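Read off the chains here:
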Amino acid sequence: MRFLIVRTEIRAAADTDIAAAWAGGGRLRDETTTPEPRRQVVHAEDRDAALLLARALACVGAVRAGRHRVKVLPLEEADPGHPYRWDGG
């Protein structure tokens, strides 16, 4: 299975937005509608390579300072009925 490793900027959230999401039981961030801005994207052919690349990207100063985050996303053929669903199988 192929993987996508992404370094993104972390969006700041206002205290009122956090309180509203907490009180309403909703989500503060929804990556399917408004993804975080991407700073770097890398592909890997297997899980071990993806995790190695993610560790390397985690050493970037902005990630260590908490301004960016690293995400490892599995890639596979999307089901047309559920484009954002991944069952892990």
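Our subject is the structure listed above.
Below is a summary of the structure that appears in this document. (Residues numbered from 1 in each chain as written. Predicted model: local features only at pLDDT ≥ 70, side-chain atom pairs only at ≥ 80, totals over all residues. Heavy atoms only, no water.)

## Remarks on the sheet that holds strand β2 (residues 38–44)
Here's step 1: Here 3 strands make up an open sheet; going across it, the order is β2-β1-β3 and the pairing antiparallel. Of all strands in the sheet, those with a lone pairing partner are β2 and β3 (68–75), marking the two edges. Across this sheet, the average inter-strand angle for adjacent strands is 20°, counted without regard to direction.
Here's step 2: For strand β1 (residues 2–9) and β3, the ladder comprises 8 bridges, and the chain directions are antiparallel. Bridge assignment links Arg 2 to a residue of β3, and that residue is Leu 75. (Pairing = 2+ DSSP bridges. Helix = DSSP H or I, 4+ residues; strand = E, 2+ residues; numbered from the N terminus. Axes fitted to C-alpha atoms, helices over the stretch in contact; angles between N-to-C directions.)

## With respect to the nonpolar core
Here's step 1: By size, the foremost hydrophobic cluster in this structure holds 6 residues: Phe 3, Ile 5, Ala 44, Ala 50, Ala 54 and Leu 57.
Here's step 2: Looking at this core, the elements with two or more residues in it are β1 and α2 (47–58).
Here's step 3: When residues of this core are assigned to their parent elements, the largest contribution, 3 residues, is made by α2. (Core = buried A, V, L, I, M, F, W, Y, C linked by side-chain atoms within 4.5 Å. Buried < 20%, exposed > 50% of the residue type's maximum accessible area, 1.4 Å probe, protein only.)

## Side note on α2
Here's step 1: Between its terminal C-alpha atoms α2 stretches 16 Å, which fits the 16 Å expected from 12 residues at 1.5 Å a residue.
Here's step 2: Tucked inside the fold, the buried residues of α2 contact β1, β2, α3 (61–64) and β3. (Expected span 1.5 Å × (residues − 1). Contact = heavy atoms within 4.5 Å.)

## Observations regarding the pattern of salt bridges
Here's step 1: By the definition in use, this model includes 4 salt bridges.
Here's step 2: Here Glu 45 makes a salt bridge to Arg 2, at a shortest N to O gap of 3.5 Å. Taken as a pair, Glu 45 in the loop between β2 and α2 and Arg 2 in strand β1 lie far apart in primary sequence, 43 residues in all.
Here's step 3: Looking at Glu 45, the relative accessible area reads 56%, which means it is exposed.
Here's step 4: Arg 2 sits in the partly exposed class, given a relative accessible area of 38%.
Here's step 5: Here Arg 39 makes a salt bridge to Glu 9, at a shortest N to O gap of 3.2 Å. One end of the pair, Arg 39, is in strand β2; the other, Glu 9, is in strand β1, and 30 residues separate them in sequence.
Here's step 6: Among the residues examined, Arg 39 registers a relative accessible area of 49% and is labelled partly exposed.
Here's step 7: Each of the salt bridges in this network shares a partner with another, and the network as a whole consists of Glu 36, Arg 69 and Lys 71. (Salt bridge = Lys/Arg side-chain N within 4 Å of Asp/Glu carboxyl O.)

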